[in-house]
Amino acid sequence: MPVLLTFGDSNTHGTPPIIDRAEYRRFPKGIRWPTITHAALGPAWELVEEGLPGRTAQFDDPVMGDYMNARPALRMALQSHGPIDVMTLMLGTNDVKTRFATTPEQVTAGVAGLLDVALSLDYQARHGGFRILLICPPPVVETGPIKTEFWGGAARSRALAPLYQALAASRGIGFLDAGQVIEVSPIDGVHFDEAAHAALGQAVAEAVEKLI
């Protein structure tokens, strides 16, 4: 049974557009894009969801906690699950938050570090070799209840797609620009609504099938 590992942040976790910051919500199975992808791939596949709200590609978050840093988290995921056959990686949205003061190139470098971990001889051998699909998240929009956290982030996130695409080519892995498939919700400018989850889930399934 082939295994798909989806590694990312709140948009992989299934967080709906935020209306009340104090309320925790999550879309159910069948709405979250990883489960849409899983259904499209078929019952022969197994799905492992590894989405953490607030996760960054490279930073210990001074507000949300150092465990938001994907660097140790990816190693733990790759040692906790397996063998896996395909991993999707969609991170970078939280890295454009104002408090991290990043450039698009710095965000891309953080993602490159994660890819280098996943592509290392040790982890590839552990899982018998696995494919990777790098997904560039759609650009954020500075609106809604969390807009102050992303002040200046819209411009940074709009610059990521060509950098991610070039990075994927350099590593010989798959690439999907989610911004060509969906847009973030106008409610909070960061998260995906149900229709976006459905569209992205189908697009990811098609991209995964091209990898195998």
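Everything below is about the structure printed above this text.
Within each chain, residue numbers correspond to sequence positions counted from 1 in written order. Given that this is a predicted model, residues contribute local features only at a pLDDT of at least 70 and side-chain atom pairs are listed and counted only at 80 or more, while totals for whole chains, interfaces and linings are drawn from all residues. Side-chain measures were taken over the full set of non-hydrogen atoms in the model, leaving aside hydrogen atoms and water.

Participant: Before we go on, may I ask you to explain the sheet that holds strand β4 (residues 131–136) in this structure?
Facilitator: By way of backbone hydrogen bonds, the strands of a sheet pair with one another, either parallel or antiparallel. Two strands form a pair only when DSSP identifies at least two bridges running between them. The way it works is that DSSP assigns letters per residue, a run of H or I at least four long becomes a helix, a run of E at least two long becomes a strand, and they are numbered from the N terminus. Strand order in the open sheet formed by five strands is β2-β1-β3-β4-β5, and the pairing between neighbours is parallel. The open sheet has two free edges, formed respectively by β2 (46–51) and β5 (174–177), since each of these has just one partner strand. Each strand axis lies, on average, 15° off the axis of its neighbour in the sheet, ignoring direction. Where β4 meets β5, four bridges bridge the pair, whose relative direction is parallel. Each bridged residue has a counterpart across the sheet, and for Leu 134 the counterpart in β5 is Phe 175. The contact rule is simple, with two residues in contact once any of their heavy atoms fall within 4.5 Å. Angular values range over 0 to 180 degrees, each being the angle between N-to-C directions of two axes fitted as lines to C-alpha atoms, with helices fitted over their stretch in contact. In the packing of helix α3 (residues 70–80) onto the sheet, contacts are made with β1 (3–8), β2 and β3 (86–90), and the angle to β1 comes to roughly 165°.

Participant: Would you explain the pattern of salt bridges in this entry?
Facilitator: It is possible for side chains of opposite charge to pair when their charged atoms get near one another. The salt bridge definition used is simple: a Lys or Arg side-chain nitrogen within 4 Å of an Asp or Glu carboxyl oxygen. Taken as a whole and assessed by the stated rule, the structure comprises seven salt bridges. In this structure, the salt-bridge partner of Glu 149 is Lys 97, at a minimum N-O distance of 3.5 Å. Of this pair, Glu 149 sits in the loop between β4 and α6 (153–158) while Lys 97 sits in the loop between β3 and α4 (104–118); the two residues are 52 residues apart in sequence, bridging distant segments of the chain. Burial status follows relative accessibility: with a 1.4 Å probe on protein chains alone, a residue under 20% of its type maximum counts as buried, one over 50% as exposed, and anything between as partly exposed. Residue Lys 97 is classed as buried on the basis of its relative accessible area of 3%. Taken together, the shared-partner salt bridges in this structure form one network comprising Arg 21, Asp 61, Lys 97, Arg 99 and Glu 149.

Participant: How do you make sense of the packing of helix α2 (residues 33–41) against helix α8 (residues 194–211) when you look at a structure like this?
Facilitator: Relative placement of two packed helices is described by the angle separating their axes and the distance separating the axes. At a minimum axis separation of 7 Å, α2 and α8 run at an interaxial angle of 50°. The angle between the axes of α2 and α8 places the two elements in the oblique class. Crossing angle aside, the handedness with which α2 passes α8 is right-handed. Within the contact between the two elements, α2 uses Trp 33, Ile 36, Thr 37, Ala 40 and Leu 41 and α8 uses His 197, Ala 198, Leu 200, Gly 201, Gln 202, Val 204, Ala 205, Val 208 and Glu 209. A breakdown of the residues in the contact of α2 with α8 according to their chemical character gives nine nonpolar, four polar and one charged. Each angle gets one of four labels, with under 35 degrees taken as roughly parallel, over 145 as roughly antiparallel, 65 to 115 as roughly perpendicular, and the rest as oblique. Crossing chirality is assigned from the near helix's rotation relative to the far helix, an anticlockwise turn below a right angle marking it left-handed and a clockwise turn marking it right-handed. We call Asp, Glu, Lys and Arg charged. Ala, Val, Leu, Ile, Met, Phe, Trp, Tyr, Cys and Pro are nonpolar, and the rest, Gly among them, are polar.

Participant: Got a minute to help me understand α8 in this structure?
Facilitator: For an α-helix, 3.6 residues make a turn, and residues three or four places apart therefore share a direction. Between the first and last residue of a helix there are one fewer steps than residues, each counted as 1.5 Å, and that sum is the expected span. In this model, α8 (18 residues) spans 26 Å end to end at C-alpha, consistent with the 26 Å of a helix rising 1.5 Å per residue. Of all the residues in α8, the buried ones are Ala 196, His 197, Leu 200, Gly 201, Ala 203, Val 204, Ala 205, Ala 207, Val 208 and Leu 211. Tucked inside the fold, the buried residues of α8 contact β1, α1 (10–13), α2, β3, β4 and β5. We define a polar contact as two N or O atoms separated by no more than 3.5 Å, with the added condition that, inside protein, one atom must be a possible hydrogen donor and the other a possible acceptor, whereas residues neighbouring each other in sequence contribute only through side-chain atom pairs. The N-cap of α8, judged by a side-chain oxygen 3.3 Å from the amide nitrogen of Ala 195 a few residues on, is Asp 193.

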